[in-house]
Amino acid sequence: MNLIKKLTDCEEIFWINTGYVSCGDAGQPDGEKIVDIDEAEARLLRFAPFIERVFPEVKNGIIESPLTEIENFGRAYKDSCKGRLFLKQDSHLPISGSVKARGGIYEVLKLAETLAVREGLLNWNPETGEHENYAKLADSDMREFFSKYKVAVGSTGNLGLSIGIISAAIGFQVTVHMSADARQWKKDMLRSKGVTVVEYPDDYEAAVAQGRREAEADPLCHFVDDENSLDLFAGYSVAGKRLAHQFEEKGITIDMDHRLYVYLPCGVGGAPGGVTYGIKEYFGDNAYCFFAEPTHAPCMALGLITGKLNEIAVGDIGIDGKTEADGLAVGRPSRLVAKAMQSRLTGCFTVDDSKLYPYLAALKDAEDIFIEPSACAGFEGLHYISEYEGDAFPAPDENSIHIFWATGGNMVPEDEKVAYYERGK
Ligand SMILES: *Cc1c(COP(=O)(O)O)cnc(C)c1O
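Please read these numbers as outputs of a predicted model, since none were measured by experiment.

## Details of the environment of glycine 273
In step 1: Relative to the helices and strands, glycine 273 resides in helix α10 (residues 270–283).
In step 2: According to the relative accessible area criterion, glycine 273 is buried, its value standing at 0%.
In step 3: Residues glycine 273 and valine 337 lie 64 residues apart in sequence; the distance between their C-alpha atoms is 5.8 Å.
In step 4: In contact with glycine 273, other than residues within four places in its own chain, are Phe233, Phe291, Val337 and Met341.

Pasting the structure below:
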């Protein structure tokens, strides 16, 4: 197939998913539920008093990011693509400054709740919904209780940051298994918070495998499985509900005459997959979701195009998986997510690394917003969408809304931000 040849040659591609299944104005294709978004949102609300106590900077204890219209940035596209452009600033999510603050924090909070309820240290009645104030989970006796338990995760960086920071805040013993390409400042920051960081010379997959092995041998250890976790997926999916609320606040309607186009950078797939699931739940066929991947690590595109899902890795077609977009340096997609996206995703595209830095600098110049290179992969989508002439989706018009999911950046140290920017210029 021509597309596979291009992937093999690390050329950019745009692929439309012919397996897309209609889901009407809202809901999941065939009504197939993977996670319960309302249940996940309710759990985050129960934890809000705890979050507010431990992280006073988090307003009302709700971890959410702004949806920002980027008119100045959009001016460059006025002639080529119609509609309003927005940036979903998960780059500025509190606590860990990336989209991983959604899934990662949710999974660790759920673990803490499960353990505390099981031991009779926390009252929550799932039937009635009644519960005591979760702020007590930050008391010293609770921290002592949690310190008996361990959390482990394998990560290219940002998931490690999110799991490490929240686990340490709860009192868990936490180990982050990191691949060699993870940035030094992320390792340093985690160690400064009492997190154990183990480094691997191999890639991300090896770090995850080792983390999983170590955790399996220890019954008191919970392994956060970036490749298969339904809890991570549920945490990410809440973004759809929150987005619906933000649109409402801004007086924006999404319907057949006001279509939504969403561009999501994809690594293993958990974050963009969970977000896409959430978006389908609220906007159905009126939303078109696209994944963006580096030309050197197009694992989800490869898995979906071939239909082999996680049974093929980029190494199998001779690609090295090396990219400056470190959050996207993944060779094999999540099976859970690849399967879920077969019916929900509108398409995938790949981006050459050389384009990420100019986007980074252009966004900074136009909007004074900094996001990391990985988070810039989605911008390229606008070109593909505006040039597309098939019938998988209508061409954007004046009423269209575009959202670039800015997946990370706020915790990048100042000197690295400047270096990225200079490079883009
Ligand atoms: C993790 C990450 C992604 C992609 O999320 P996956 O769940 O790995 O697909 C995108 N951008 C940034 C900055 C990330 O940290």
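Don't stop here, the text continues.
## Considering the pairing of strand β6 (residues 196–200)
Looking down a regular strand, the side chains alternate between one sheet face and the other.
In step 1: Where strand β5 (residues 173–179) meets β6, 5 bridges bridge the pair, whose relative direction is parallel. Paired with histidine 177 across the two strands is valine 198, which belongs to β6.

## Focus on the site of the ligand
In step 1: Around the ligand, a shell composed of 16 residues is seen, among which Lys100, Asn158, Gly267, Gly269 and Thr407 lie nearest.
In step 2: Between an oxygen atom of the ligand and a main-chain N or O atom of glycine 270, the distance comes to 3.1 Å.
In step 3: Threonine 407 has a polar side-chain atom sitting 2.7 Å from a nitrogen atom of the ligand.
In step 4: Summarising the interface, the protein chains cover 98% of the accessible area of the ligand, which totals 380 Å² for the free molecule.
In step 5: The greatest single-element share of the shell around the ligand, amounting to 3 residues, is contributed by α10.
In step 6: The class makeup of the residues in the shell around the ligand is 6 nonpolar, 8 polar and 2 charged.

## Details of the environment of asparagine 286
In step 1: Among the secondary structure elements, asparagine 286 is positioned in the loop between α10 and β9 (287–294).
In step 2: For asparagine 286, a relative accessible area of 4% puts it in the buried group.
In step 3: Residues within four places of asparagine 286 in sequence aside, it is in contact with Asp25, Ile254, Asp255, Met256, Arg259 and Leu260.
In step 4: Polar contacts involving the side chain of asparagine 286 include one to the side chain of aspartate 25, which spans 3.3 Å.

## So, empty space enclosed by the protein
In step 1: As enumerated under the stated definition, the model contains 3 cavities of 30 Å³ or more in all.
In step 2: For the largest cavity, the calculated volume is near 220 Å³.
In step 3: If you trace the largest cavity, you find 23 residues lining it, with Lys100, Gly267, Ala271, Gly327 and Leu328 closest to the centre.
In step 4: Elements with a contribution of two residues or more to the lining of the largest cavity: α6 (158–170) and α10.
In step 5: Element by element, the count of residues in the lining of the largest cavity is highest for α10, at 3 residues.
In step 6: The class makeup of the residues in the lining of the largest cavity is 10 nonpolar, 10 polar and 3 charged.
In step 7: Estimates place the volume of the second largest cavity at around 120 Å³.

## Notes on the sheet that holds β9
In step 1: Pairing is mixed in the open sheet, where 7 strands are placed in the order β1-β10-β9-β8-β11-β3-β2. Strands at the two margins of the open sheet, each flanked by one partner only, are β1 (14–16) and β2 (67–69). Strand-to-strand, the axes of this sheet are offset by a mean angle of 20 degrees, without reference to chain direction.
In step 2: Sheet analysis places β9 next to strand β10 (residues 347–351), joined by 5 bridges and oriented parallel. Looking across to β10, one finds that phenylalanine 290 is bridged to glycine 347.
In step 3: This element, α10, spans β8 (260–265), β9 and β11 (401–406) of the sheet and lies at about 170 degrees to β9.

## Focus: the pairing of β5
In step 1: Judged by how many residues are buried, β5 sits mostly within the fold: 5 of 7 residues are covered.
In step 2: Bridging between strand β4 (residues 150–155) and β5 involves 6 bridges; their strand directions are parallel. By the bridge assignment for β5, alanine 152 is matched with threonine 175.
In step 3: For the segment spanning β4, α6 and β5, crossover handedness is right-handed.
In step 4: Each parallel crossover has a hand, and for β5 linked through helix α7 (residues 184–192) to β6 it is right-handed.

## With respect to the nonpolar core
In step 1: Within the largest apolar cluster, 147 residues are counted, with the highest numbers of intra-cluster contacts made by Phe172, Phe247, Leu260, Ile279, Phe379, Ile403 and Trp405.
In step 2: Discounting residues that sit within four places of it in the chain, isoleucine 279 has contacts with Gly240, Leu243, Leu260, Val262, Gly284, Ala287, Cys289 and Trp405.

## Description of the pattern of salt bridges
In step 1: If you walk through the whole model with that rule in mind, you get 30 salt bridges.
In step 2: Put simply, glutamate 64 and arginine 242 hold a salt bridge, and the shortest N to O gap is 2.8 Å. Residue glutamate 64 is found in the loop between α2 (37–54) and β2, and its partner arginine 242 is found in helix α9 (residues 230–250); the two are separated by 178 residues along the sequence.
In step 3: Take glutamate 64: its relative accessible area is 18%, and that puts it in the buried class.
In step 4: The salt bridge involving aspartate 90 is made with arginine 102; its shortest N-O contact spans 2.7 Å. Of this pair, aspartate 90 sits in the loop between β3 (84–89) and α4 (100–118) while arginine 102 sits in helix α4; the two residues are 12 residues apart in sequence, bridging distant segments of the chain. The burial state of aspartate 90 is the same as that of arginine 102; both residues are buried.
In step 5: Three or more residues are tied together by salt bridges with common partners; here these are Glu41, Glu64, Lys88, Asp90, Arg102 and Arg242.

Cut-offs used in this document
Residues numbered from 1 in each chain as written. Predicted model: local features only at pLDDT ≥ 70, side-chain atom pairs only at ≥ 80, totals over all residues. Heavy atoms only, no water. Helix = DSSP H or I, 4+ residues; strand = E, 2+ residues; numbered from the N terminus. Buried < 20%, exposed > 50% of the residue type's maximum accessible area, 1.4 Å probe, protein only. Contact = heavy atoms within 4.5 Å. Pairing = 2+ DSSP bridges. Near = heavy atom within 4 Å. Polar contact = N/O pair within 3.5 Å; in protein donor to acceptor, adjacent residues only side chain to side chain. Areas by Shrake-Rupley, 256 points an atom, 1.4 Å probe, with all protein chains shown as cover. Nonpolar A, V, L, I, M, F, W, Y, C, P; charged D, E, K, R; others polar. 1 Å grid on protein atoms, 1.4 Å probe; cavity = no way out; pocket = protein on both sides within 12 Å on 5 of 7 lines; lining within 4 Å. Points joined across faces, edges and corners; volume = space filled by probe spheres on them. Axes fitted to C-alpha atoms, helices over the stretch in contact; angles between N-to-C directions. Right-handed = clockwise from strand over helix to strand, strands pointing away. Core = buried A, V, L, I, M, F, W, Y, C linked by side-chain atoms within 4.5 Å. Salt bridge = Lys/Arg side-chain N within 4 Å of Asp/Glu carboxyl O.

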